[in-house]
Amino acid sequence: MWAYGVTLAMFAYTLMGLWMDRPCLWVPMIVTAAVLIGYFALKDTYWIWCSITNGGPLLWGAFILNRRSK
């Protein structure tokens, strides 16, 4: 269920990226791919994988958008 929720949120983030900036378009695609890889390939360490691969790119995207807005 967690993988579905993240994928759904990243879909909304991707739609937002169509109107905003490129990081809002590529970051959710990277996060979705990482979630699916972790879900199907890393059953035992899925939660650790998600904390690194979901948090890292989202913080990176927020940092880029913050710097461009100034």
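Calculation rules
In this numbering scheme, every chain counts its residues from 1 along its sequence in written order. The predicted origin of the model limits local features to residues at a pLDDT of at least 70 and limits the giving and counting of side-chain atom pairs to 80 or more, whereas totals for whole chains, interfaces and linings rest on all residues. Values reported for side chains reflect all heavy atoms of the structure, with hydrogen atoms and water molecules removed beforehand. The secondary structure listing takes helices from DSSP runs of H or I that are at least 4 residues long and strands from runs of E that are at least 2 residues long, numbered from the N terminus. Exposure is judged per residue with a 1.4 Å probe applied to protein chains only, and the accessible area is read against the type maximum: over 50% gives exposed, under 20% gives buried, and values in between give partly exposed. Working definition of accessibility: Shrake-Rupley area with a 1.4 Å probe, residue cover restricted to the visible protein chains. Comment: axis = line fitted to C-alpha atoms, over the contacting stretch for helices; angle = value between 0 and 180 degrees taken between N-to-C directions. An angle counts as roughly parallel when it lies under 35 degrees, as roughly antiparallel when it exceeds 145, as roughly perpendicular when it falls between 65 and 115, and as oblique in every other case. Only heavy atoms enter the contact rule, under which two residues are in contact if any of them lie within 4.5 Å. A helix is expected to span 1.5 Å for every residue after the first. Note: the arc covers the axis-to-C-beta directions of the helix. Polar contacts, as counted here, are pairs of nitrogen or oxygen atoms within 3.5 Å of one another; within protein the pair requires one atom able to donate a hydrogen and one able to accept it, and residues that are adjacent in sequence qualify only if both atoms are side-chain atoms. Ring pairs shown here join Phe, Tyr and Trp side chains whose ring centres sit within 6.5 Å, with only the six-membered ring taken for Trp; geometry is labelled stacked below 30 degrees between planes, edge-to-face above 60, and tilted in between.

Caption draft 1: Representation of the overall build of the protein within the structure. Along its length, the protein carries three helices and zero strands. Tracing the protein from N to C terminus, the helices and strands come up as α-α-α. A principal-axis box enclosing the C-alpha atoms of the protein has dimensions of 40 × 20 × 15 Å. For the protein, the residues scored as buried account for 33% of the 70 residues in total. Total accessible area on the protein is roughly 5,000 Å²; 74% of this is exposed by carbon and sulfur atoms.

Caption draft 2: Expanded view of the packing of helix 1 (residues 2–19) against helix 3 (residues 46–69). At a minimum axis separation of 13 Å, helix 1 and helix 3 run at an interaxial angle of 10°. With respect to helix 3, the axis of helix 1 lies roughly parallel. On helix 3, the residues touching W2, A3, V6, M10 and Y13 of helix 1 are Y46, W47, C50, N54 and L58.

Caption draft 3: Highlighting helix 1. In this model helix 1 runs 27 Å from its N-terminal to its C-terminal C-alpha over 18 residues, within 8% of the 26 Å that 1.5 Å per residue would give. The set of residues buried in helix 1 consists of A3, V6, M10, Y13, T14 and G17. End-on, the buried residues of helix 1 take up no more than an arc of 110°, which puts them together on one face. Pointing more than 90 degrees away from the buried face of helix 1 are the exposed residues Y4, F11, L18 and W19.

Caption draft 4: Geometry of the environment of T53. In this structure, T53 sits in helix 3. You can call T53 buried: its relative accessible area is 15%. Sequence-distant contacts of T53, defined by excluding residues within four places in its chain, comprise V31 and A34. Looking at T53, its side chain comes within polar contact range of the main-chain oxygen of W49, at 2.7 Å.

Caption draft 5: Seen up close, the packing of aromatic side chains. One pass over the structure, following the stated rule, counts three aromatic pairs. Consider the rings of Y39 and F40, whose centres lie 5.1 Å apart with planes at 75°: the pair is edge-to-face. Taking the relative accessible area as the measure of exposure, Y39 reaches 37% and is therefore partly exposed. For F40, a relative accessible area of 61% gives the class exposed. A ring pair is formed by Y46 and W47, whose centres lie 5.3 Å apart and whose planes are at 70°; its orientation type is edge-to-face.

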